[in-house]
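# Residue-level structure breakdown
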Amino acid sequence: QVQLVESGGGLVQPGGSLRLSCAASGSIFRTNRMGWYRQAPGKQRELVAAVASGGYTNYADSVKGRFTISRDNAKNTVYLQMNSLKPEDTAVYYCNADISLSDYGPQYRYWGQGTQVTVSS
């Protein structure tokens, strides 16, 4: 069984910063791609940022230059540093991870439970 547990959400004023963390635990052989998505009320879930096991990153255009994704492979943890936050960044943020449970088996995508980020004065 694999679990992803997120932390770090909350209420912040426009222009402020937050750091989200997501730790994967369980019977993990290898953690491959990890990413952050968000879903605002009435909108579809969208990709915010992702990082491959080798460190390659990609970002949504709306967060480039403000958000930074990183990972600690030894801890199976992914982070999202969010700076210069705007009200339109308000959403529930979900992490996900593509995880292999064995050396030659398939990978599976797991999701965290979500953490609320609210940007408001």
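A brief look at the structure comes next. (Residues numbered from 1 in each chain as written. Predicted model: local features only at pLDDT ≥ 70, side-chain atom pairs only at ≥ 80, totals over all residues. Heavy atoms only, no water.)

## What to know about the state of the cysteines
- Overall, the coordinates contain one disulfide when judged by the stated rule.
- Note on cysteine connectivity: Cys22 is disulfide-linked to Cys95, with sulfurs 1.9 Å apart. Taking the torsion about the S-S bond as the criterion, the Cys22 to Cys95 disulfide, at about 45°, is right-handed. Taken together, the residues span a long stretch of sequence, with Cys22 in strand 3 (residues 18-26) and Cys95 in strand 9 (residues 91-100) at a distance of 73 residues. (Disulfide = S-S within 2.5 Å. Helix = DSSP H or I, 4+ residues; strand = E, 2+ residues; numbered from the N terminus.)

## Some details on the pattern of salt bridges
- Under the defined criterion, the tally for this structure stands at six salt bridges.
- The residue Asp103 makes a salt bridge to Arg30 at a minimum N-O spacing of 3.8 Å. Residue Asp103 is located in the loop between strand 9 and strand 10 (107-111), and its partner Arg30 is located in strand 4 (residues 30-39); the two are separated by 73 residues in the primary sequence.
- For Asp98, the salt bridge identified is with Arg109, shortest N-O distance 2.7 Å. Of this pair, Asp98 sits in strand 9 while Arg109 sits in strand 10, placing them eleven residues apart in sequence.
- Connected through salt bridges with shared partners, the residues Arg38, Glu46, Arg66 and Asp89 form a single ionic network. (Salt bridge = Lys/Arg side-chain N within 4 Å of Asp/Glu carboxyl O.)

## Digging into the side chain of Glu6
- By the secondary structure assignment, Glu6 is in strand 1 (residues 2-7).
- Arg45 is the oppositely charged side chain nearest to the buried, salt-bridge-free Glu6, at an N-O distance of 7.8 Å.
- Separated by 2.6 Å, the side chain of Glu6 and the backbone nitrogen of Cys95 make a polar contact.
- Among the polar contacts made by the side chain of Glu6, one reaches the main-chain amide nitrogen of Gly114 at a distance of 2.4 Å.
- When near neighbours in sequence (up to four residues on either side) are disregarded, Glu6 contacts Ser21, Cys22, Trp36, Tyr93, Tyr94, Cys95, Gly112, Gln113, Gly114 and Thr115. (Buried < 20%, exposed > 50% of the residue type's maximum accessible area, 1.4 Å probe, protein only. Lys, Arg positive; Asp, Glu negative; His and termini not counted. Polar contact = N/O pair within 3.5 Å; in protein donor to acceptor, adjacent residues only side chain to side chain. Contact = heavy atoms within 4.5 Å.)

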